[in-house]
Amino acid sequence: MGVCVSKREDGALRAHREAEKQLKEAKARRDAQVKILLLGSGDSGKSTVLKQMRLIHKVGFTPQEIESYRQLVFNNLVHGMRLIIESFSVFNLDVEPENSEYVPLIEGAPDLKDGEPFPLQYLGPLQALWEDKGVQKALLRGNEVALPENLKYFYPQLDRFFEPSYRPSDQDILHCRARTTGINETVFRLKTHELHLLDVGGQKSERRKWIHCFEGVTSILFLVSLNGYDMSLSEDRDANQMQDAMAIWDSICHSQWFRTTSIILFLNKLDLFSEKILHSDIKAVFPDFDGKPKDVMEGREYFRKRFLRLAQKSSRTREREIYVHFTNATDTALLRVVMAAVEDTGYHDVGATPSAPHDWLLVSSFLKQPFSRQSNFRSRSLSNRSMILVSRSFAVFDDVLTSPGS
């Protein structure tokens, strides 16, 4: 009888120890995870950042993914031209008579099949339409109907895409545009930690799904298209992209879910913003802007302050870090530096209060220091890993970070 009881006790003890071991292992796995949530309105560049992360961490695209992007390039070309033609009714424009025969061809363009080359019968018509005066006039007013921004990248290279051996380059993939639906999670294994990057659709119809991602978030990476200050939403031509982004930002900063979550704000598409501000006055859309027209520095600073004021209204600035950075999501080299700083602090502080923006701020501040002050700044501020990162990258980014347009 006593032997039976002893065996039962031994079995219960082994089961208890096994359960404790599994709980510790599960906790270790959770502690090793850094979960960054990509949020923002549609066309802000979230999916581009995710693609950049794959390039940076050498999480290569599979042959099927590359084939899908090849097909997507053709889709972006014909769909973008179709949107331009549809905008003619808004702008009271039309194609030139000699190009009118090409319109039905574009409107009826098929999707490519796997391995199918770009149909050569589309090359001439697409080139002719791109040079059409009506098309060019519509592009000048593209902000009013949210015409795709990637057309100016793709169309000057049409001949390359129609080569039978065409394979998308990294830049082609970064410029491909496809609406994100649902929740897409990508895992990057970084030394002893895992970085979980969650990309969710930014269109209004997709935002109800965001709440499913909120639990256990280490940091929020919120993207805003600076270029969208005078643009309508693709799904609502009566709504302004920047004002929509501010409304989302305000709700995120006030959310109980993120009371102590560090938030990183990417004011993205600085390159497009720097070009647009030369001919599109911010004050025409935001009357309280009192900076100089065509001044990139004053323009971007105005939007930085607007977003920070919205964050400060939540009266939680002492409970969490908020850091703002100006970015070009299609610039792999720039994203490599800023995302490395985010990752470094994010998984360094797992198990403590997340403070990813802090180390990021130090890296960015270091890069902006006069060279004579860098050695002192280095000794008191940066971790070894971040210092190596800065040392390798400083020469590349000196011009970017200190130029008047950055």
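Analysis parameters
Residues numbered from 1 in each chain as written. Predicted model: local features only at pLDDT ≥ 70, side-chain atom pairs only at ≥ 80, totals over all residues. Heavy atoms only, no water. Helix = DSSP H or I, 4+ residues; strand = E, 2+ residues; numbered from the N terminus. Contact = heavy atoms within 4.5 Å. Areas by Shrake-Rupley, 256 points an atom, 1.4 Å probe, with all protein chains shown as cover. Core = buried A, V, L, I, M, F, W, Y, C linked by side-chain atoms within 4.5 Å. Buried < 20%, exposed > 50% of the residue type's maximum accessible area, 1.4 Å probe, protein only. Axes fitted to C-alpha atoms, helices over the stretch in contact; angles between N-to-C directions. Left-handed = near helix turned anticlockwise from the far one by under 90°. Nonpolar A, V, L, I, M, F, W, Y, C, P; charged D, E, K, R; others polar. Pairing = 2+ DSSP bridges. Parallel < 35°, antiparallel > 145°, perpendicular 65-115°, else oblique. Polar contact = N/O pair within 3.5 Å; in protein donor to acceptor, adjacent residues only side chain to side chain. Salt bridge = Lys/Arg side-chain N within 4 Å of Asp/Glu carboxyl O.

1. Focus on the overall build of the chain
If you tally the helices and strands in the chain, you get 16 helices and 8 strands. Contacts in the chain between residues at least 24 apart in sequence constitute 73% of all its contacts with a sequence separation of at least 6. If you sum the accessible surface of the chain, you get close to 20400 Å²; carbon and sulfur atoms cover 51% of it.

2. Regarding the nonpolar core
If you look at the biggest cluster of nonpolar residues, it comprises 41 residues, and the most contacted ones within it are Met81, Ile84, Phe118, Leu126 and Phe162. Elements represented by at least two residues in this core include exactly helix H3 (63–91), helix H4 (103–107), helix H5 (123–130), helix H6 (133–140), helix H7 (151–154), helix H8 (158–161) and helix H9 (170–175). Counting residues per element, this core draws most heavily on H3, which supplies 12 residues. Sequence-distant contacts of Leu126, defined by excluding residues within four places in its chain, comprise Val78, Met81, Ile106, Tyr155, Leu158 and Phe162. Of all hydrophobic cores here, the second largest spans 36 residues; its members include Leu226, Leu265, Leu270 and Phe286.

3. Let's talk about the packing of helix H10 (residues 241–254) against helix H12 (residues 296–312)
Contact geometry for H10 and H12: axes closest at 9 Å, N-to-C directions at 30°. Two packed elements cross with a definite hand, and for H10 against H12 that hand is right-handed. Contact residues: Met242, Ala245, Met246, Trp249, Asp250, Cys253 and His254 in H10; Phe303, Arg306, Phe307, Leu310 and Ala311 in H12. Looking at the contact of H10 with H12 residue by residue, the classes come out as 9 nonpolar, 1 polar and 2 charged.

4. Digging into the pairing of strand S4 (residues 219–225)
For S4, the buried fraction is high: 7 of the 7 residues fall into the buried class. Burial along S4 is two-sided: the face carrying Ser219, Leu221, Leu223 and Ser225 and the face carrying Ile220, Phe222 and Val224 are both buried. Alignment of strand S1 (residues 33–40) against S4, held across 5 bridges, turns out to be parallel. Its bridge partner being in S4, Leu39 is matched across the sheet by Phe222. Here 7 bridges tie S4 to strand S7 (residues 262–268), and the two strands are oriented parallel to one another. Directly across from Phe222, in S7, lies its bridge partner Leu265.

5. Digging into the sheet that holds S4
One open sheet holds the 6 strands; their spatial order is S2-S3-S1-S4-S7-S8, and the pairing between them is mixed. Only two strands of the sheet have a single neighbouring strand rather than two, namely strand S2 (183–190) and strand S8 (322–326). Going from strand to strand, the sheet's axes swing by 20° on average, the running direction of each strand aside. On the sheet, H12 packs against S4, S7 and S8 and is oriented at approximately 160° with respect to S8.

6. Quick word on unusual backbone geometry
Backbone geometry places Asp43, a non-glycine residue, at a positive phi of 70°. Although it is not a glycine, Lys294 adopts a positive phi angle of roughly 70°. For Lys294, the location among the structural elements is in the loop between helix H11 (270–276) and H12. According to the relative accessible area criterion, Lys294 is exposed, its value standing at 54%.

7. Concerning the environment of Lys152
Considering the arrangement of structural elements, one finds Lys152 in helix H7. With 22 residues separating them in the primary sequence, Lys152 and Trp130 have C-alpha atoms 9.8 Å apart.

8. Concerning the packing of H3 against H6
Relative to each other, H3 and H6 sit at 80°, their axes nearing to 9 Å. In terms of orientation, H3 lies roughly perpendicular with respect to H6. Residues Met81, Ile84, Ser87, Phe88 and Phe91 of H3 touch H6, and the partners they reach there are Gly134, Val135, Ala138 and Leu139. Class assignment of the residues belonging to the contact of H3 with H6 gives a composition of 7 nonpolar, 2 polar and no charged.

9. Quick look at the side chain of Asn240
Turning to its location among the elements, Asn240 is positioned in strand S6 (residues 236–240). Of note is the side chain of Asn240, whose polar atom sits 2.9 Å from the backbone nitrogen of Met242.

10. A few points about the pattern of salt bridges
Counted by the stated rule, this structure contains 9 salt bridges. The salt bridge involving Glu65 is made with Arg54; its shortest N-O contact spans 2.9 Å. Taken together, the positions of Glu65 in helix H3 and Arg54 in helix H2 (residues 46–56) put the pair 11 residues apart, joining distant regions of the chain. Where Arg160 meets Asp172, a salt bridge forms, and the shortest distance between an N and an O atom there is 2.9 Å. Here Arg160, found in helix H8, pairs with Asp172, found in helix H9; they are 12 residues apart in sequence, far enough to count as distant. On the basis of relative accessible area, Arg160 is assigned to the partly exposed category, the value being 31%. Overall, the relative accessible area of 0% leaves Asp172 in the buried class.

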